[in-house]
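The primary structure of each chain is shown beneath.
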Amino acid sequence: SMWPLIFGGLGVAALGVRHGLRVLRQSGVKLEFPNLGSFAFASFKRDSLQGFESPMTRVEARHILNIRELNPSKDTIRESHRKLLVSNHPDKGGSTYLATKINEAKEVLVGKKAT
């Protein structure tokens, strides 16, 4: 198989580019790269790296259920909850903790749990 050679070649090329950029910077050449941060990782915001809040807020519950509407209908909440729970159910290999958070988010948005 040629895959190890291809990946090895790409690795060597990446190291060569990195070394070349370092040499250029050290020699005083000003390098400017396009800012791809807002484009490439738009959904990976700084807020998404935080842990869960206690108690869960309505904003966090909407983030967990991936709902963008400020006041979603009960049907929208239930549909989003169902889709997430089906794909993350503990009986299907999903996390019990995540299933608990998905259920808690539904309760917060439907109004059965005080925030």
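Residues numbered from 1 in each chain as written. Predicted model: local features only at pLDDT ≥ 70, side-chain atom pairs only at ≥ 80, totals over all residues. Heavy atoms only, no water.

This part is about helix 5 (residues 96-110). The first and last C-alpha atoms of helix 5 sit 21 Å apart over 15 residues, in line with the 21 Å expected at 1.5 Å per residue. Every buried residue of helix 5 is listed here: Ala99, Lys101, Ile102, Glu104, Ala105, Val108, Leu109 and Val110. In the core, the buried residues of helix 5 are packed alongside helix 3 (58-64) and helix 4 (74-88). For helix 5, the N-terminal cap is Ser95; the gap from its side-chain oxygen to the backbone nitrogen of Tyr97 is 3.2 Å. Taken from the residues just after helix 5, Gly111 is the one with a positive phi, measuring 105°. (Helix = DSSP H or I, 4+ residues; strand = E, 2+ residues; numbered from the N terminus. Expected span 1.5 Å × (residues − 1). Buried < 20%, exposed > 50% of the residue type's maximum accessible area, 1.4 Å probe, protein only. Contact = heavy atoms within 4.5 Å. Polar contact = N/O pair within 3.5 Å; in protein donor to acceptor, adjacent residues only side chain to side chain.)

All right, on to the nonpolar core then. Among the nonpolar cores identified, the biggest contains 13 residues, and Met56, Ala61, Leu65, Ile77, Ala105 and Leu109 are the most heavily contacted of them. Among the elements of the structure, helix 3, helix 4 and helix 5 are those that each provide at least two residues to this core. At six residues, helix 5 tops the list of elements feeding residues into this core. (Core = buried A, V, L, I, M, F, W, Y, C linked by side-chain atoms within 4.5 Å.)

Packed helices, taken two at a time, are described by their axes: the angle between them and the distance between them. One can describe the packing of helix 4 onto helix 5 by two numbers: an axis separation of 10 Å at closest approach and a directional angle of 175°. On the basis of their axis angle, the class for helix 4 and helix 5 is roughly antiparallel. From helix 4, Lys74, Ile77, Arg78, His81, Leu84, Leu85 and Asn88 reach across to helix 5, where they touch Leu98, Ala99, Ile102, Asn103, Lys106, Leu109 and Val110. Partitioning the contact of helix 4 with helix 5 into residue classes produces eight nonpolar, three polar and three charged. (Axes fitted to C-alpha atoms, helices over the stretch in contact; angles between N-to-C directions. Parallel < 35°, antiparallel > 145°, perpendicular 65-115°, else oblique. Nonpolar A, V, L, I, M, F, W, Y, C, P; charged D, E, K, R; others polar.)

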